[in-house]
Every structure is written in structure tokens, then in C-alpha cells.
Amino acid sequence: MPKLKRNAFDKLNTLLFGQDLRITTGEPYTQVRDYDFSSYYPERDYVYKQEVPKNNIYDIRDFGADVSLEDNAEFINSAVKKASETNGTVLVAGGDYVSTTVFMESNVTLFIEYGSSISANKTGQGYNKLGIIHANGKKNITFTGGGKIKGNGELFGRKPLLDKNMTEHCGYIDVIQMRIDSRAQLRFAHPSKYGGPVYLKECRNIKVHNFIIENSAYWTFKMENCNGVDISNLIINNNRHVANADGLDICGTSNINVNKCFISTADDGICIKNAVWLGNKGAVENIAINDCEVISCANSFKIGTESTYDVRNIKVTNCKFMMTDLYPGTVSGIAVESADGSKVENITVDNIEMNRVTCPVFIRLCNRNRAAIVTGESANAVEFGGKKKRGGTVAKSVFNHKGEVKNIKISNIKATGVEIPVMAAGYRQFFKKKYVENVTLENFDLEYAPYPEVKDIRMFIPEYPKVYPESWRFRNLPSFALWARHCKNLEVKNFKCSHPLKTWKREIYKKDVI
């Protein structure tokens, strides 16, 4: 039977020795374990066998590509260049083609036939962190056909601490242990990690329809400083224990529609970032996410963490966020964060169904101010277990205390298997206080998970103004439905959370909510 009460010694031990696990030694661990991939995989609901176009086709086999070769990049790139001259279609058919980086050109459709694929090699060499598919400064690019980009993600991480994946709930709720168990199953990066499957930079007018990306080693589909992206019927099916394997990464990119997609991944499912050290340059706006299913071991949908510039006018509607056949559950369903100076505003979320998402909604303003600490190079080093180098991208004063989170409306949320309350928190740091402002939470129907909770009563809940913002960071909070601190104009309407057991926690906790 687990210990269900944390005493003073336990709390001190956690404070002094509770550092996050990160494995930084060892060779790549290549075994695919049971439940690395989700048992729920509705491919037929999203992707279909698509008829190959008959005209203006550039078949990579006509340029020398062959499934027996160790690298088909030369031949695929030749087909891409020819296709760009005529607004043509590059055809990938007839099997699995190993390739180093394919450089997409403007006015090209990449048509990978259903049952065929382009795959990363097993060494991670030859990519220069650009990934399998890369485009820089191009326009009018389409990905379609029903086929796959395959990342071979399990080949580029180190062996997890645990010998097998956890599939059963541990039987009690303790956020500290939850975080430990989650990280003990991760394959942290080996230096051979080459990048992700798709990396688009400074591109315009991108279309993705009827397409599969599988088993990413890193960020799966990265859009950096792009404009005008239309994504539908996309599947991202990743190994759920490959560290930093996000699904969609929207970095400094505006005017995006994401509709009817299935994403199963280890890290954030759909993530909006907008940071100076990532090379981003201005506001991100006008993003719509609709009718998507997301399975994530981190956050289903997230704004922030790495954001210095504004993020605004975002809508997320009619989605399902869940965790299948793994423990712990998803960290947060909706995470709206500003930690590094970004003004995050005008966010609308409506009609979301969640199951085994530990924290349904996490709204957080803090002041990590990471731009004063890291550069793009040193931020990447941290991902591989290295140390931050001295000096940052900008002076400390540029983004210090500049962040805002305001004008957020989240409505019609149905969640089961909840283990952490909905959270909304600003911060107090030395003599400075900043509030989360104008938040409406309306029509919430939450069902708490039926497990006893570790009694972890603290004299005060720390502000955590400079640490990585995450719902699990706050440990075992003294409420089960809603926890709010440093908020202005917080409206809570028709908000219900049923708890099946007797608990030491109150239903709602509010402090400095005005």
C-alpha cells in the first residue's frame, strides 16, 4: 500500500533532491516496446487510397530512385527540381525509399502513394538537423497521396530508466510520483538524433491533405516563420516515449487552419511557439484548430513556454484529447502560457472532450525570461542534456515582466479521469505582481478520477515565477475542481466537478482573485 501522507521529511527530501530525471549517457536504444504506439489508431477515418494524377507527373523511379538504395535523396531532389519548372507532381510509389534530406521547391506537389514512403536512414547522418523534408523560402507546396514520411524515431534515443512501459494506473494520485514515472519512460536524445520529418522555414501557401507522418525522432512538422498553411486529414503517429517528439509545431507562423487530424505523440500534440531565440520575428495570429483527436504524453494543445512575441486570435473547437493504454495520463488538455515575455490574448476554446487528461485547463503567466539566458544554439544543447552557455539572445530588460495572458474564453468542456484541478495563475516576483486577466470558464463538466490522493498539505504554494511552466510543477494542490491565484475578472459559469471519494481537498481554491 503506498504512503498516502507526505510528512515534513518527505517534503524536504523532495525540495532538496527532486530534480527532473534526464538520462544523458548510453548508446541508442532501438527496441520498440509494447504500447510505445497507441493501440487506438483510426487510420481509415483520416487517410484513404488516393488516385494518382495522370498529368505533369515526375516519378522518382524515372530519376534513379530504388527501394534497394541506402540514399535516394539525389534522385528525389532531381525530380523535385524538374517538377518546380512546370508546377508538377513528384510521385513516390512502389515501396519505402530511404533518403537523406529532400529539399522542396516552390510550386511542387509531393504525392506519396498510399502504402509507399520516404524514410530516414538508421544512422542519423546526412541531415544537418534539417530533417527528412525541408523547404526554405518556398511557396505553393502540397503534401498529399495517403503515403508516409517515416522517422525511425526509436533509433535516436537512450534507454529509459524503466524496463517496460507503464500501462496501469498506480492506484493513487500523487503529482510528484506522476512526473517521476512519466520521465522514467522517456527515451532522451542521443547525439545521433538528426531532426524531424518535416521542417518548413519562411514558406507561404502550404497545403497538407491525406498524409501520414510516422515515428518522428524530434519535432514532427515544424513551421518556422511561415504564412498561410492549410492542414487536413493528416495523421501523426509517433512513438510516445521519444523525448521532444512534438506533433505540429507552429513557430512564428500565422494564418493556419488545421482540420480533422489525428495526432498521437510523446510531447505536445499541437504547440504554438514564438520566440526570439527560435528565429521568430513578430506576432503569431489567426490560427484555427478544429475536429482533431490528440493523444499526448505532455499537452494536447499548448500556447507558449517558448514565446517572446505576441500570440493572438486562436480558436480550438470540436476536439477530443485523450490518453490511451499508458500511465500517467496527458499532462494538460489546454495549456495557455506566457513565460518569456509574450502577450497571449484573444484565445477561444469550445466543445472539447477529454479522457485521462490529468489537468483539463492550465492558464499560466510567469516570468522565466529565457531569452536572457539562452541562444538558439544553447537551447538546442539543453535538449540533448547539455548546459546553457553564458549569455542569452537579448538583454534581460527586453522581455522582463512584459508577458500578458488575457481575454481567454473556454467553454463546453467534458472531461473524465481528471487528477489535477483546472488552474489559472499569474505571479508575484519580488515586488512585481502580474495577473491573468479576463478569463471565462463556462459549462465545465468534470469527473475526478476514482483514486485516493496523497495528503500533501503545504503552508504555502510557491510562486514558481522562473521555472518551466507546467501544471504538474505545482504538485498536489489543495483543491480538486479549480485552483486560481493572481487573476483579474475571472468568470466561472456552470462549472461542475464530481469527486467519487472522500478527499482532503476543497472543491475550489481562490487567492488574490479580483
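Note that the structure is a prediction, hence the values are computed from the model and not measured.

## Let's talk about the overall build of the protein
Scanning the protein from terminus to terminus reveals five helices and 31 strands. Rg of the C-alpha trace for the protein: 23 Å, near the compact-globule value of 24 Å for 514 residues, within the 12% margin. Viewed in the frame of its principal axes, the protein has a C-alpha envelope of about 70 × 45 × 45 Å. Residues counted as buried form 58% of the 514 residues belonging to the protein. The long-range fraction of contacts in the protein, counting pairs at least 24 apart against all pairs at least 6 apart in sequence, stands at 81%. As displayed, the protein has an accessible area near 20,300 Å², and 48% of this comes from carbon and sulfur atoms. Taken together, the 69 basic and 57 acidic charged side chains of the protein have centroids lying 8 Å from each other.

## Examining the pattern of salt bridges
Where charged atoms of side chains with opposite charge meet at close range, the side chains can pair. Here the structure, examined in full by the defined rule, presents 30 salt bridges. Note that Lys138 and Glu105 form a salt bridge whose closest N and O atoms lie 3.1 Å from each other. Here Lys138, found in the loop between strand S7 (133-136) and strand S8 (139-144), pairs with Glu105, found in the loop between strand S4 (102-103) and strand S5 (108-112); they are 33 residues apart in sequence, far enough to count as distant. A salt bridge links Asp456 to Arg475, with the nearest nitrogen and oxygen atoms 3.3 Å apart. Of this pair, Asp456 sits in the loop between strand S29 (436-448) and strand S30 (479-498) while Arg475 is found in the loop between S29 and S30, placing the two residues 19 residues apart along the sequence.

## Quick look at the environment of Lys432
Here Lys432 shows up in strand S28 (residues 432-434). Since its relative accessible area comes to 38%, Lys432 is described here as partly exposed. Distance from Lys432 to His401, taken between C-alpha atoms, is 8.3 Å for residues 31 residues apart in sequence. Residues within four places of Lys432 in sequence aside, it is in contact with His401 and Tyr427.

## Overview of the side chain of Ser232
Structurally, Ser232 is set in strand S13 (residues 227-237). Ser232 sits in the buried class, given a relative accessible area of 15%. Side chain to side chain, Ser232 and His209 meet in a polar contact 2.8 Å long. With residues up to four places along the chain from it excluded, the contact list for Ser232 reads Val208, His209, Asn210, Asn259, Lys260 and Cys261.

## As for unusual backbone geometry
Negative phi values dominate among residues other than glycine, just as trans dominates among peptide bonds. Of the consecutive residues Tyr327 and Pro328, the connecting peptide bond is found in the cis state with omega at -5°. Of note, Pro328 is situated in the loop between strand S21 (311-322) and strand S22 (330-338). Phi angles above zero are rare outside glycine, and Asn346 is one such case at about 60°. Inspection of the secondary structure assignment puts Asn346 in strand S23 (residues 343-355). Using a relative accessible area of 34% as the deciding quantity, one classes Asn346 as partly exposed. Even without being glycine, Asn369 reaches a positive phi, approximately 55°. Examined against the element boundaries, Asn369 turns out to sit in the loop between strand S24 (357-365) and helix H5 (376-383).

## What about the environment of Gly126?
Mapped onto the secondary structure, Gly126 falls in the loop between strand S6 (117-119) and S7. By relative accessible area, Gly126 is classed as exposed at 58%. Taking the C-alpha atoms as reference points, Gly126 and Tyr194, separated by 68 residues in sequence, lie 8.1 Å from one another. Sequence-distant contacts of Gly126, defined by excluding residues within four places in its chain, comprise Thr100 and Thr101.

## Quick word on the pairing of strand S12 (residues 221-224)
With burial as the criterion, each face of S12 is covered, one bearing Phe221 and Met223 and the other bearing Lys222 and Glu224. Inspection of the sheet shows strand S10 (residues 198-201) paired to S12 by four bridges, in the parallel sense. Bridged to Leu200 within S12 is Met223. Looking at chain direction, S12 and strand S14 (residues 248-251) are connected through four bridges and run parallel. Residue pairing for S14: Phe221 is matched across the bridge by Leu248.

## Quick notes on the packing of aromatic side chains
Throughout the structure, instances matching the rule amount to 15 aromatic pairs. Pairing Tyr46 with Phe262 gives two aromatic rings, centres 6.0 Å apart and planes at 45°, and the pair type is tilted. Note that Tyr46 is positioned in helix H2 (residues 43-46) and Phe262 in strand S16 (residues 262-265), a separation of 216 residues in sequence. For Tyr46, a relative accessible area of 6% gives the class buried. Taking the centre distance of 5.4 Å and the plane angle of 55° together, the rings of Phe474 and Trp483 count as tilted. You'll find Phe474 and Trp483 in the same group, each marked buried. Counting every residue linked through ring pairs, the aromatic cluster contains Phe362, Tyr464, Phe474, Trp483 and Tyr509. For Lys222, the ring lying beneath its charged end belongs to Tyr199, and the centroid distance is 4.5 Å. Its guanidinium or amino end placed over the ring of Tyr46, Lys260 lies 6.0 Å from that ring's centre, counting from NZ or CZ.

Rules used in this analysis
- Residues numbered from 1 in each chain as written.
- Predicted model: local features only at pLDDT ≥ 70, side-chain atom pairs only at ≥ 80, totals over all residues.
- Heavy atoms only, no water.
- Helix = DSSP H or I, 4+ residues; strand = E, 2+ residues; numbered from the N terminus.
- Rg over C-alpha atoms; globule rule 2.2 N^0.38 Å.
- Buried < 20%, exposed > 50% of the residue type's maximum accessible area, 1.4 Å probe, protein only.
- Contact = heavy atoms within 4.5 Å.
- Areas by Shrake-Rupley, 256 points an atom, 1.4 Å probe, with all protein chains shown as cover.
- Lys, Arg positive; Asp, Glu negative; His and termini not counted.
- Charge placed at Lys NZ, Arg CZ, Asp CG, Glu CD.
- Salt bridge = Lys/Arg side-chain N within 4 Å of Asp/Glu carboxyl O.
- Polar contact = N/O pair within 3.5 Å; in protein donor to acceptor, adjacent residues only side chain to side chain.
- Pairing = 2+ DSSP bridges.
- Phe/Tyr/Trp six-rings, centres within 6.5 Å; stacked < 30°, edge-to-face > 60°.
- Lys NZ or Arg CZ within 6 Å of the ring centre and 35° of its normal.

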